[in-house]
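The residues making up each chain are set out below.
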Amino acid sequence: MLTWPPPQIPRLPGRGGPVRVRDTSTGELVVAAPGDTATLYVCGITPYDATHLGHAATYIAFDLLVRSWLDAGQRVRYASNVTDVDDPLLERALATGVDWRELAIEQTALFAEDMTALGVVPPDVYTGAVESIPAVAQAVRDLLAAGAAYRVEEPDATGHGRGDVYADLSVDPDLGRVAGLDRKEMLELFAERGGDPARAGKRDPLDPLLWRRERPGEPAWDGGELGSGRPGWHIECAVIARDGLGLPFDVQGGGVDLRFPHHEMSTSHARLLDAGQGARIHVHAGMVGLDGEKMSKSRGNLELVSRLRTQGEDPMAVRLAILAHHYSCDWDWTEGDLKLARAQLDRWQRAVSGNGGPDATATLAAVRSALATDLDAPAALTAVDAWADDALRTGGTAEAVIGAPGVISRTVNALLGIRL
Ligand code: 5CA
Ligand code: ZN
């Protein structure tokens, strides 16, 4: 799948230190990627509706991680997916009378435009679910052969689906390590988030679907001995991450709604495929709400990046409004936040407009250190605000350091993705 054009990232004087993030499995602050090459997998969109502020906030959070790694002199390999065939997409296409492929193509293109406008660094490996089907079908056959999966022969409620394949979680002693939930919590979330605990014939209600046999009116692909069908959701991300990054990789990320079951199950699949480890750590972004409720396509309470763009909003103000919140918190999008961000952007632009200004060395260090400590964007903004206030107060006085505004401008561009 084609990505969007990468933003220019200016070089900064010196180099950032190791980047630490909070691993949601342990709650510990840990070095995100100890090696020379940092590897990251971030769960991509299901393209049935345009990018809302919640999606944007999640991708911007991981964009900060990529930018800090690059600043620390690490190579970065970043993989992501597009869930371009799945139940919600097929349901939306059916409800609106659009071909599901067209819906996916249109929304994936809009997402790319939104990401470009917001200055998000594109993934190096970008794979659609449909593209990954041969590899996923092979992985399902491998899991069956290894005794880590089984066929369910009982028909489901529609009377079809004989031979759907499920993962056998009982063969994975490490299941539960990602989200750390008790069984009751797991069962509740599994039912809420796309699982089918009541499906007859499963060995355990939590066992997740790996391969769904063809149903009338649904797209299907040749799965060899699996029969025609389509992949389950979690195995898609396990296989795309494995093939794009190799196992284990450093960080698996996404919104906190994916912690369970999606990341728990995809990590389990990856572990069993490799007889080793999936992601070393997991990092989750908080949920962005609107009017006190989680912003979600299914609820329809959305603020879309594309709508704001069409209204003539500067995407950099949108990005700044997002950066004002720590990525790990849940927060609500408000028009007030956007107003503040516009004013902040204007102040920063005026502050960097001269040749000279207050020395930028300490500000660069403060921005680096804030981001290297669990991607603390609000603290980084405070440091830049302090420099901008100083610059605007003192103007081009005698103590001004020639070139300092340029350093600040490059700092916010390279590390925060804000083009002034
Ligand atoms: N395609 C799957 C992942 S494999 C999926 O969850 N797609 S999505 O379109 O629903 O979400 C895309 C990304 O945005 C995911 O990382 C998800 O966790 C995140 N996300 C969804 N809603 C919100 C929200 N309200 N706030 C923050 N992040 C969100
Ligand atoms: Zn995923």
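Below is a summary of the structure that appears in this document.

Cut-offs applied
Residues numbered from 1 in each chain as written. Chains lettered and ligands numbered in written order. Predicted model: local features only at pLDDT ≥ 70, side-chain atom pairs only at ≥ 80, totals over all residues. Heavy atoms only, no water. Helix = DSSP H or I, 4+ residues; strand = E, 2+ residues; numbered from the N terminus. Core = buried A, V, L, I, M, F, W, Y, C linked by side-chain atoms within 4.5 Å. Buried < 20%, exposed > 50% of the residue type's maximum accessible area, 1.4 Å probe, protein only. Contact = heavy atoms within 4.5 Å. Pairing = 2+ DSSP bridges. Phe/Tyr/Trp six-rings, centres within 6.5 Å; stacked < 30°, edge-to-face > 60°. Expected span 1.5 Å × (residues − 1). Arc of directions from axis to C-beta.

## Structural notes on unusual backbone geometry
Move 1: Cis geometry is adopted by the peptide bond preceding Pro-248, which originates at Leu-247 and carries an omega value of -10°.
Move 2: Note on placement: Pro-248 falls in the loop between helix 6 (233-245) and strand 10 (249-255).
Move 3: Note the cis peptide between Phe-260 and Pro-261, where omega equals 0°.
Move 4: The topology assignment puts Pro-261 in helix 7 (residues 259-274).
Move 5: The phi dihedral of Asp-374 is positive, around 55°, even though this residue is not glycine.
Move 6: We note that Leu-375 has phi near 50°; this positive angle belongs to a residue other than glycine.
Move 7: Inspection of the secondary structure puts Leu-375 in the loop between helix 11 (361-372) and helix 12 (377-394).

## Examining the nonpolar core
Move 1: In terms of nonpolar packing, the biggest core is built from 81 residues, with Leu-40, Leu-65, Trp-69, Ile-322, Trp-333 and Leu-416 touching the most fellow members.
Move 2: In terms of residues, this core owes the most to one element, helix 1 (residues 53-71), which gives 11 residues.
Move 3: Discounting residues that sit within four places of it in the chain, Trp-333 has contacts with Leu-53, Val-288, Gly-289, Leu-290, Met-295, Glu-303, Leu-308, Val-318, Ala-321, Ile-322 and Leu-338.
Move 4: Among the nonpolar cores identified, the runner-up in size contains 16 residues, and Val-136, Val-140, Leu-143 and Leu-210 belong to it.

## Structural notes on the sheet that holds strand 12 (residues 288-290)
Move 1: Judged by pairing direction, the sheet is mixed, and its three strands sit side by side in the order 13-12-14 without closing on themselves. Of all the strands in the sheet, the pair left with one neighbour each is strand 13 (293-294) and strand 14 (331-332).

## Concerning the packing of aromatic side chains
Move 1: Under the counting rule described, the total for this entry stands at seven aromatic pairs.
Move 2: Seen from their ring centres, Trp-4 and Phe-111 are 5.7 Å apart, and the 90° between their planes marks the pair as edge-to-face. Here Trp-4 is found in the segment before strand 1 (20-22), whereas its partner Phe-111 is found in helix 3 (residues 100-117), with 107 residues between them in sequence.
Move 3: Using a relative accessible area of 6% as the deciding quantity, one classes Trp-4 as buried.

## Some remarks on helix 10 (residues 335-351)
Residues spaced three or four apart along an α-helix point in a common direction, a consequence of the helix completing one turn every 3.6 residues.
Move 1: In this model helix 10 runs 24 Å from its N-terminal to its C-terminal C-alpha over 17 residues, within 8% of the 24 Å that 1.5 Å per residue would give.
Move 2: Buried residues of helix 10: Asp-337, Leu-338, Ala-341, Gln-344, Leu-345, Trp-348 and Ala-351, and no others. Each buried residue of helix 10 sits inside an arc of 145° when the element is viewed along its axis, so together they form one side.
Move 3: Elements in contact with the buried residues of helix 10: helix 8 (305-310), helix 9 (315-323), strand 14, helix 12 and helix 13 (404-416).

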